[in-house]
Amino acid sequence: MNILILGSGGREHALAWKIAASPLTTKLYCAPGNAGIAQEATCVALDIADHPAVIAFCKNAKIDFVVVGPEVPLVAGIVDDLEAAGIKTFGPARAAAQLEGSKGFTKDLCKANNIPTAAYERFTDGAAAKAYVRRQGAPIVVKADGLAAGKGVVVASTVDDAEAAIDMIFSGGLGDMAEVVVEDCLIGEEASFFALCDGDTALQLASAQDHKRAYDGDKGPNTGGMGAYSPAPVMTEAMNKRVMDEIVLPTVAALKKAGTPFKGVLFAGLMITKDGPQLIEYNVRFGDPETQVIMLRMMSDILPALIAARDGQLKNFDLRWYGDAALTVVMAAKGYPGSYAKGTVIKGLDAAAEIDGVEIFHAGTKAEGDNIVANGGRVLNVCARGKTVAEAQARAYEAVDRIDWPEGFCRRDIGWQAIAREK
Ligand code: AMP
Ligand code: GLY
């Protein structure tokens, strides 16, 4: 089969690495891709927001199956458009992608179906939102309703901070946002839960945990994710079952009943509280950098699973996993998640990749002559497998230390919660 992956980050590099290994893959393309993805796939300079251009490429290159990485094209309806053109695509249609596209939509769906999530109210008016915040008190969480590239959530420890967040959102600080959700602050440990869905049923993937804060000790600003590991020890077998029964399967059933079935990968951001799992948010795509560690642990061929999700055939499907743990350290350009330089030269990648169990995925790189240069905020994902999270962590940092990139930085404590439990 000829396959096209859409996207250009570490998540897409990990998917490309895994899909390239499938015996079903004849030719693999990625649009637009990056310098690392180019080792696995032919990169195509397409604007993936231009759906007619993507469709035209698929027809020319005789693409049999498209895998969509990021949320923006999903929410924009790229799956609807590709499928209407007769091109089979992995990912949810626009109506189902609202689970990520609108926090209010997801909260209302949870309320109507008794899915555990923080108590909340929706507001289109700043004054009413602020009055609610004053009644509820702090800590409290303010969320912009639409896609905000990870910047739409403020966990406010004071009423003043919450009111400032409401003002910032309604005055256009995150672009055009007509609505906020204000919700209770949940206390517990976070985990990322992934399930392939075929509109009817769901198949759980390996669990993972990511580190959202920029600096060691989970301090500093929120980011897209500075590292991740799998499995997440907080996700015991009993907890996984509760998440499937109380959160994922009711969501799949509700969307089917609404006539907007969810196909693709459902990514539940969870808070594991003392009373059980609570849904923080849904994403309608693979997590980044969680996918990087999940792909390293997946023993089965991923492609038949993605096709079965698209075809509504997951019911009798099974996936096999390696027992090893996996961990990834994100190397970012200094300054991220604020402003940072592009174009700085990265050396030592080959020496780093030689370490046993290490795999390096590129998140934001570009080839310039013989050099690999940084081309984004999150730039590299240095990944490793090990018998334990501690072993995977040691290998990943050994590789990090062989990478010569003075303009980059990373956290030195990825996996600390899991490693503390292993001791
Ligand atoms: P989200 O973009 O919804 O995943 O939110 C980003 C981060 O904000 C989450 O990963 C949590 O760390 C935090 N967060 C969001 N909602 C809540 C909540 N209700 N209670 C506590 N933390 C939250
Ligand atoms: N790592 C979290 C995300 O992909 O949104």
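In this text, all values refer to a predicted model and were calculated from it rather than measured experimentally.

Analysis parameters
- Starting from 1, residues in each chain are numbered consecutively following that chain's sequence as written.
- As they are written, the chains are lettered A onward and the ligands numbered 1 onward, keeping that order.
- Residue-level local features of this predicted model are given only where pLDDT is at least 70; pairs of side-chain atoms are given and counted only at 80 or more, and the full residue set underlies all totals for whole chains, interfaces and linings.
- Heavy atoms from the whole structure form the basis of all side-chain values; hydrogens and water molecules are not counted.
- For this purpose, a residue is taken to be near a molecule or strand whenever a single non-hydrogen atom of the residue falls within 4 Å of it.
- Polar contacts, as used here, are pairs of N or O atoms within 3.5 Å; protein pairs need one atom able to donate a hydrogen and one able to accept it. Residues neighboring in sequence count only if both atoms are side-chain atoms.
- In these tables, accessible area is a Shrake-Rupley quantity obtained with a 1.4 Å probe, and a residue counts as shielded only by the protein chains included in the view.
- Residue polarity follows a fixed list, in which Ala, Val, Leu, Ile, Met, Phe, Trp, Tyr, Cys and Pro are nonpolar, Asp, Glu, Lys and Arg are charged, and the others, Gly among them, are polar.
- Burial classes follow relative accessibility: with a 1.4 Å probe on protein chains only, a residue under 20% of its type's maximum area counts as buried, one over 50% as exposed, and anything between as partly exposed.
- Helix numbers and strand numbers start at the N terminus; a helix is a DSSP run of H or I with at least 4 residues, a strand a run of E with at least 2.
- At least two DSSP bridges between two strands are required for those strands to pair.
- The crossover handedness rule: strands pointing away from the viewer, path from first strand over the helix to second strand clockwise, crossover right-handed.
- Take the buried Ala, Val, Leu, Ile, Met, Phe, Trp, Tyr and Cys residues and link them wherever side-chain atoms come within 4.5 Å; each set so joined is a nonpolar core.
- Here, residues are in contact when the closest pair of their heavy atoms is within 4.5 Å.
- Simply put, an axis is a line fit to the C-alpha atoms, just over the touching stretch for a helix, and the angle between two N-to-C directions goes from 0 to 180 degrees.
- Here the angle decides the label: under 35 degrees means roughly parallel, over 145 means roughly antiparallel, 65 to 115 means roughly perpendicular, and every other value means oblique.
- Centres within 6.5 Å make a pair out of two Phe, Tyr or Trp rings, where for Trp the six-membered ring is used; the pair is then stacked when the planes are under 30 degrees apart, edge-to-face when over 60, and tilted otherwise.
- Definition used: whenever NZ (Lys) or CZ (Arg) falls within 6 Å of the ring centre and also within 35 degrees of the ring normal, the charge is taken to sit over that ring.

Engineer: Before we go on, may I ask you to explain the site of ligand 2 in this structure?
Structural biologist: Around ligand 2 sit Asp210, Gly224, Phe267, Arg285, Gly287, Asp288, Pro289 and Glu290, and those are all the residues in its vicinity. Interatomic distance of 2.8 Å between a side-chain N/O atom of Asp210 and a nitrogen atom of ligand 2. Measuring from a nitrogen atom of ligand 2, one finds a side-chain N or O atom of Glu290 at 2.8 Å. Summarising the interface, the protein chains cover 89% of the accessible area of ligand 2, which totals 200 Å² for the free molecule. Per-class residue counts for the shell around ligand 2 are two nonpolar, two polar and four charged.

Engineer: Looking at this structure, I do not really get the pairing of strand E1 (residues 2–7). What am I missing?
Structural biologist: Across a regular strand the side chains alternate sides, sitting on one face of the sheet and then on the other. Most of E1 sits out of view: six of its six residues are buried. Here E1 runs beside strand E2 (residues 27–32); their pairing, made up of six bridges, is parallel. What sits directly across from Leu6, in E2, is Ala31. Taking the sense of rotation as the criterion, the β-α-β connection linking E1, helix H1 (residues 10–20) and E2 turns out right-handed.

Engineer: What exactly am I supposed to notice about the pairing of strand E14 (residues 219–222) here?
Structural biologist: For strand E13 (residues 213–215) and E14, the ladder comprises two bridges, and the chain directions are antiparallel. The residue of E14 that forms the bridge with Tyr215 is Lys219. A loop of three residues connects E13 with E14, the two strands running antiparallel in sequence, and Gly217 in this loop sits at a positive phi of about 75°.

Engineer: In this structure, what is going on with the nonpolar core? I would like to understand it.
Structural biologist: Nonpolar side chains tend toward joint burial in soluble globular proteins. Counting residues in each nonpolar core, the largest one holds 50 residues, and the members touching the most others are Leu4, Leu6, Val66, Phe193, Met235, Val248 and Leu270. The element contributing the most residues to this core is helix H9 (residues 237–257), with eight residues. The contacts of Leu4, once residues within four sequence positions are left out, are Tyr29, Cys30, Ala31, Val54, Phe57, Cys58, Ile63, Phe65, Val66 and Val67. In terms of nonpolar packing, the next biggest core, distinct from the first, is built from 40 residues, Ile5, Ile19, Met298 and Phe361 among them.

Engineer: When you look at unusual backbone geometry in this model, what are you seeing that I'm missing?
Structural biologist: The general pattern is negative phi for most residues beyond glycine and trans for most peptide bonds. Residue Pro289 is bonded to the preceding Asp288 through a cis peptide linkage, with omega at 20°. Mapped onto the elements, Pro289 comes out in the loop between strand E17 (276–283) and helix H10 (290–297). In the segment running from Tyr336 into Pro337, the intervening peptide bond is cis, with an omega of 10°. Among the secondary structure elements, Pro337 is positioned in the loop between strand E18 (325–333) and strand E19 (345–346). One non-glycine residue, Lys62, adopts positive backbone phi at about 50°. Mapped onto the secondary structure, Lys62 falls in the loop between helix H2 (51–60) and strand E4 (65–68). For Lys62, a relative accessible area of 61% translates into the label exposed. In the Ramachandran plot, Asp218 falls in the positive-phi region, its phi being about 55° despite a non-glycine side chain. Inspection of the secondary structure assignment puts Asp218 in the loop between E13 and E14.

Engineer: Before we go on, may I ask you to explain the sheet that holds E4 in this structure?
Structural biologist: Sheet strands pair via backbone hydrogen bonds, and the direction of the pair is either parallel or antiparallel. Taken in spatial order, the five strands make up an open sheet running E3-E2-E1-E4-E5, and their pairing is parallel. The sheet is open, and its two edges are formed by strand E3 (42–43) and strand E5 (89–90), each paired on a single side. The sheet contacts of helix H11 (residues 302–311) involve E1, E4 and E5, and relative to E4 the element is tilted by about 90°.

Engineer: Got a minute to help me understand the packing of H1 against H11 in this structure?
Structural biologist: How two helices pack is summed up by the angle between their axes together with the distance between the axes. Viewed as axis vectors pointing N to C, H1 and H11 meet at an angle of 105°, and their least axial separation amounts to 8 Å. When the axes of H1 and H11 are compared, the pair comes out roughly perpendicular. Each of Leu15, Lys18 and Ile19 in H1 lies in contact with H11, whose residues at this interface are Ile302, Leu303 and Leu306. In terms of residue class, the contact of H1 with H11 is built from five nonpolar, no polar and one charged.

Engineer: Looking at this model, I keep getting lost on the packing of aromatic side chains. Mind explaining?
Structural biologist: For any pair of aromatic rings, the description consists of the separation of the ring centres together with the inter-plane angle of the planes. One pass over the full model with this rule turns up seven aromatic pairs. Geometrically, the ring pair formed by Phe90 and Phe286 is stacked, given 6.1 Å between the ring centres and 25° between the ring planes. With Phe90 in strand E5 and Phe286 in the loop between E17 and H10, this pair connects stretches of sequence that are 196 residues apart. Phe286 matches Phe90 in its accessibility class, with the two residues each being buried. Ring geometry for Tyr215 against Phe409: centres 6.4 Å apart, planes inclined by 50°, an arrangement best described as tilted. Highlighted residues: Tyr215 in strand E13 and Phe409 in strand E24 (residues 408–409), separated in sequence by 194 residues. Of the residues examined, Tyr215 reaches a relative accessible area of 41% and is grouped as partly exposed. For Phe409, a relative accessible area of 18% puts it in the buried group. Cation over ring: Lys27 sits above Tyr29, and NZ or CZ is 4.8 Å from the ring centre.

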